[in-house]
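# Chains, contacts and geometry: an overview
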Amino acid sequence: MTFLVIFLVLVVVCAFSFFAMYNKLIGLRNIVRNSWSQIDVQLKRRFDLIPNLVETAKGYMKHESETFIKVTEARAQAMSAINKGDVKEVGAAAANLDSALAKMMLTFENYPELKANQNFLSLQEELTSTENKVAFARQAYNDSVLSYNNAVEMFPTNILANMFNFKKSDFFEIEEKSEKQAPKVTF
Amino acid sequence: MWELIRINKRKSLFVLILMFILMVSLSGAVGAGFYTVDWVTGMIWGALIGVVLWAVQAAVAYFAGDDIVLHFNMAVVVTPESYPQLYNIVEEMKIASGLQVMPEIYIVQSSGLNAFATGIRREKTAICVTSGLVENLTRDELQGVIAHEMSHIMNRDVLFMTFAGVMLGTITMLSNVMLKGTVFANSENKRSRKKGGFSGGHPAVIIVVLLFAVIAPVLARIFYFTISKKREYLADASAARLTRYPIGLASALQKIAKHSSIDFVSKITAPMFIVNPQFAADEDSLFSASTHPPVYKRIAILTQLQHGGKVSLETYQRIYEKELEASGLFSKTTLETDKSEAVRAESAEKISESRKDLADVILANAGFKIATCECGLKIKLPPSDLRMKVVCPRCRKEISVSGSNAAPVGNGEDGLVFKRKNVNSWESFPCQCGRFTFQLSPLFRGTSVVCRHCRTKVRIEYPE
C-alpha cells in the first residue's frame, strides 16, 4: 500500500515536470517565431518606404540614377529572399540593401534643397527608425534563439526536445563589414 | 535577457520578504506595547493591523498608482502623429526588449530634464519624459534614456519599488506612532500618577519594543535603498545591451545630472526616474538617503563599456566590480544566456529644429492659443484668455488670435453675429475685447447684446 502511494506520487511529479518542460520549450519556440515575424514586419515596412523616398528624391537628383537602380535592385533581391523564408539568405540580402541605402543617404548630403523638403525629412526619420527597428528586431530574435537553443541542448529539456523533434534555430547574422558601414549615414 | 527578468524577480523578492517580516514584527511589537492586558494578544492584533494598513495602501498603488502619478503631473499623451520621432524611439526599444505591450508615452511640460516609467501591471505601462529632455537630447541620447526606462518596465522594477516604498512608509509610520505614543503616555502618567496606557506593559517588553521602533526604520531604509540602487545599475546594463550604444546613455546622464530637478516628485515615485530628481547628483555614502547611485560612477562604467567595443552584461559587470569594488550584479545563469554584441556606430541625427517647437505642441494640446507676430515673436495665450486680438509687446502691432478656443463669433454683413445652437440651455461666448463674457440664458430672446467694456454690439441669430 505504502509502496503504491509512493509510486503514484512519483508518477504524478514526473508527469507534471514533463508538462512544464514541454510547455517551456513550446513557449520559447513561440517567442523565436514571434521575433522572426517582427523582423519580417520591419523589413517589409522598409521595402514600402524605399520607393517613396526614391520618388521624392528623384525630382531633386537628376544625375544619380545609378544609385537609385542599385537600391531598387537590392530591394527586389531582399524581398524574394524574405518570401523564401530562409534565415541565412535574408541576412545576406538585408546586408546588401543596407549598404546600398547607406550610399544613397550619403549622396543626399549634396542636395541641400532636398533636405529642406518637409516630406523628405519625415520619410527620412521613418527610414532611420525602421532601420533601427530591423537591427533591434534582429537583436531580440537572436536573444530568443539563444534561450531556445540552450533549452534544446541542455539537460533535462534536451530529452523532450529529442522526443518531440524540437530543432535548433539559426541566428540571424549580418556580416561585420556591412554592419559597420550601414549606420555611418550622415544627413 | 529573458532569464534575467526571472532571476531579478527572485532576488528582489527575497529582500522584499525581509522587509515584510520587519514590518510585521514591528507592528506586532507596537501592538504588544499598547495592549496592556495581554501582550501576546496585543502582538497578534498589532501585526494584523499593520498588514491590513500596508495591504490597503499597496492596493491603491496597484490599481490607481499609474493614473495618480500621470494625472498629478498633467502629462500629455504622445501619438505617432503628434510626435513621430519620440514614438519611433520608444517602439524601437520595445522591439529590442521583446516586450509584448507597447507602453504609452507621455510628455510633461517642464524645463527640467528627466524621465520616468510607470507600469505596476504588465498590461498597462507608460514612459513619461519632460519636454526639456526631448528638446535637449540627441536621438542617441534619447534612445539611451528610453532604453533605461524600458528596462525598468522589463525587470518589473516599478512593481517592486512601489510595494517596497509603501512598506517603508508603513514602517516609518508605525515607528512614529510608537515613539510619540511612548512620550505622550509617559507625560500623561507623570501628571496623573496612575499606571496605564503604553507604559502599563511589562518593562522588558517595553524596552525591546522601543529599541525595535528606533532600529526598524533605519533597517528598512537600508533594505530599500539597496534594492533601489542595484536596480539602477541593472537598468543601465540592460539599456546598454539594448541600444548597443552605452555612450548615448552616458552623455544623456551627464546632461540630465545638471538639470534633473523637477517639482512633481514624491518619495515613492523617485526611484523610477532616470536620475533622482530630489537630491544632489553626487551623493556618495552608504547611508545617504538617495535612491540612485552617484551619476558619475554610472557614467564612468558606461564610458568604459563603450571603449571596450563589445556590449554584454558580463562586461558591464566586470567594469562595475572594478569601479565600485563590489560583488557582482548578475547571476551565473543570466550571464550564460546573454549574447555579446558589438557596439554600434553613432547615428548622425543631432537635435532637430522641429524639436524646438515641441513646447508649443504641448501648450496647444493644453488649450493654449499661439499667435505669431510678423516680427517673429510668439505670443502664447492660456485657455482662460479669451481675447481675439492681442497687441505684440515688441512691435506694438495688433495680431488676431486664431485657435480652437477663439470666440464663435462670425462677421456678418452688418457687424458681428453669434449663432445660437441650442436655445434651451445656457450659452456663453467671449467678447473680442476679451474682458467680458456674454451669457445667454435659455429664456433670452433678444436680437442683440452689447459688451459692457468696449460697447461692441453683437447680433444674436436663432436657429429656424
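Because the structure is predicted, anything quoted here is derived from the model rather than measured. (Residues numbered from 1 in each chain as written. Chains lettered and ligands numbered in written order. Predicted model: local features only at pLDDT ≥ 70, side-chain atom pairs only at ≥ 80, totals over all residues.)

## Considering the overall build of chain B
Operational definition: Strands here are runs of E lasting at least two residues and helices are runs of H or I lasting at least four, both read from the DSSP assignment and numbered beginning at the N terminus. With C-beta atoms placed from the backbone, a residue counts as buried when 20 or more other C-beta atoms lie within 10 Å of its own, as exposed when 12 or fewer do, and as partly exposed for counts between those limits. Here, residue contact means that the backbone-derived C-beta atoms of the two residues sit within 7 Å.
Secondary structure summary: chain B contains twelve helices and 16 strands in total. By residue count, 40% of the 464 residues in chain B fall in the buried class. The long-range share in chain B, meaning contacts at least 24 apart out of those at least 6 apart in sequence, stands at 61%.

## Quick notes on the pairing of strand E4 (residues 124–130) of chain B
Two faces make up the sheet, and in a regular strand the side chains alternate between them. All names here are of chain B. Here is the rule: Two strands form a pair only when DSSP identifies at least two bridges running between them.
For E4, the buried fraction is high: six of the seven residues fall into the buried class. Judged from the five bridges that link them, strand E2 (residues 104–108) and E4 form a sheet pairing that is parallel. Bridge assignment links Tyr106 to a residue of E4, and that residue is Cys128. As defined by bridge partners, strand E3 (residues 115–121) adjoins E4 across five bridges and the pair is classed as antiparallel. Along E4, the bridge assignment pairs Ala115 with Val129. In textbook terms, the turn of a hairpin is the stretch between consecutive antiparallel strands, and for E3 and E4 this stretch comprises two residues.

## Quick word on the sheet that holds E3 of chain B
Residue and element names in this part refer to chain B. Definition in use: To define axes, lines are fitted to C-alpha atoms, for helices over the stretch in contact only, and angles between the resulting N-to-C directions are given on a 0 to 180 degree scale.
The mixed open sheet is built from four strands, whose spatial order is E1-E2-E4-E3. Here the strands that pair on one side only, and so sit at the sheet edges, are strand E1 (76–77) and E3. This element, helix H5 (residues 139–154), spans E3 and E4 of the sheet and lies at about 20° to E3.

## Re the nonpolar core
All names here are of chain B. Let me state the cut-off plainly: Each nonpolar core consists of buried Ala, Val, Leu, Ile, Met, Phe, Trp, Tyr and Cys residues. Their C-beta atoms, within 7 Å, join them into a set.
With 127 residues, the main nonpolar core has Leu26 and Met167 as its most contacted residues. At 15 residues, helix H7 (residues 203–243) tops the list of elements feeding residues into this core. For Leu26, the residues in contact, after removing those within four places along its chain, are Ile171, Leu174, Ser175, Phe212, Ala213 and Ala216.

## Considering helix H3 (residues 87–108) of chain A
Quick note on the threshold: Each helix should span, by expectation, one fewer than its residue count multiplied by 1.5 Å.
With 22 residues, H3 of chain A ought to run about 32 Å at 1.5 Å a step, and its terminal C-alpha atoms sit 31 Å apart, in line with that. Val90, Gly91, Ala93, Ala94, Ala95, Leu97, Asp98, Ala100, Leu101, Met104, Met105 and Phe108 of chain A are the residues of H3 of chain A that are buried.

## Regarding the environment of Val71 of chain A
Among the structural elements, Val71 of chain A can be located in helix H2 (residues 65–84). Between the alpha carbons of Val71 of chain A and Asp98 of chain A there is a distance of 9.0 Å; along the sequence they are 27 residues apart.

## Observations concerning the pairing of E2 of chain B
Residues and elements named next belong to chain B. Counting buried residues in E2 gives four out of five residues, a clear majority hidden from the surface. The pairing of E1 with E2 spans two bridges and is antiparallel. Bridge assignment links Val77 to a residue of E2, and that residue is Tyr106.

## Some remarks on unusual backbone geometry
All names here are of chain B. Its identity as a non-glycine residue notwithstanding, Arg244 has a phi of 60°, on the positive side. Counting through the fold element by element, Arg244 comes out in the loop between H7 and helix H8 (246–258). With phi around 65°, Arg455 is a residue other than glycine that occupies positive phi space. Relative to the assigned elements, Arg455 resides in the loop between strand E15 (448–450) and strand E16 (457–461).

## Side note on helix H10 (residues 313–324) of chain B
Residues and elements named next belong to chain B. Look at H10: 16 Å from first C-alpha to last across twelve residues, which is about the 16 Å you get at 1.5 Å a residue. For H10, the complete set of buried residues consists of Leu313, Thr315, Tyr316, Gln317, Ile319 and Tyr320. Two residues or fewer after H10 comes Glu325, characterised by a positive phi angle close to 50°.

## Quick word on the packing of helix H1 (residues 2–58) of chain A against helix H5 (residues 118–153) of chain A
Residue and element names in this part refer to chain A. Put simply, the test is: Each angle gets one of four labels, with under 35 degrees taken as roughly parallel, over 145 as roughly antiparallel, 65 to 115 as roughly perpendicular, and the rest as oblique. Each crossing gets its hand from how the near helix is turned against the far one by less than a right angle, where anticlockwise is left-handed and clockwise is right-handed. Asp, Glu, Lys and Arg are counted as charged, while Ala, Val, Leu, Ile, Met, Phe, Trp, Tyr, Cys and Pro are counted as nonpolar; the rest, among them Gly, fall into the polar class.
Two numbers describe how H1 lies on H5: the axes approach to 8 Å, and their chain directions differ by 160°. Judged by the angle between their axes, H1 and H5 are roughly antiparallel. Seen from above, H1 lies across H5 with left-handed handedness. A per-class count over the contact of H1 with H5 returns 20 nonpolar, nine polar and eight charged.

## Some thoughts on the environment of Ala239 of chain B
Residues and elements named next belong to chain B. Assignment of secondary structure puts Ala239 in helix H7. With 30 C-beta atoms counted inside 10 Å, the residue Ala239 sits in the buried group. Once the C-alpha coordinates of Ala239 and Met150 are considered, the two residues, 89 residues apart in sequence, prove to be 7.8 Å apart. Those residues in contact with Ala239, other than ones at most four positions away along the chain, are Gly144, Ala147, His148, Ser151 and Leu249.

## A short note on the confidence of the model for chain B
Residues and elements named next belong to chain B. Our working rule: pLDDT expresses, on a scale from 0 to 100, how confident the predictor is about each individual residue.
Averaged over every residue, the pLDDT of chain B is 75; the share at 70 or more is 72%. Here strand E11 (residues 409–412) stands out as the element of chain B with the lowest mean pLDDT, 62, in contrast to H5, whose mean of 90 is the highest. The low-confidence segment residues 190–197, where pLDDT is below 50, has six contacts with residues more than four positions distant or belonging to other chains. For residues 279–289, every residue scores under 50 in pLDDT, and the model assigns this stretch 13 contacts once sequence neighbours within four places are set aside. Overall fold confidence (pTM) sits at 0.70, and the ipTM for the predicted complex is 0.74.

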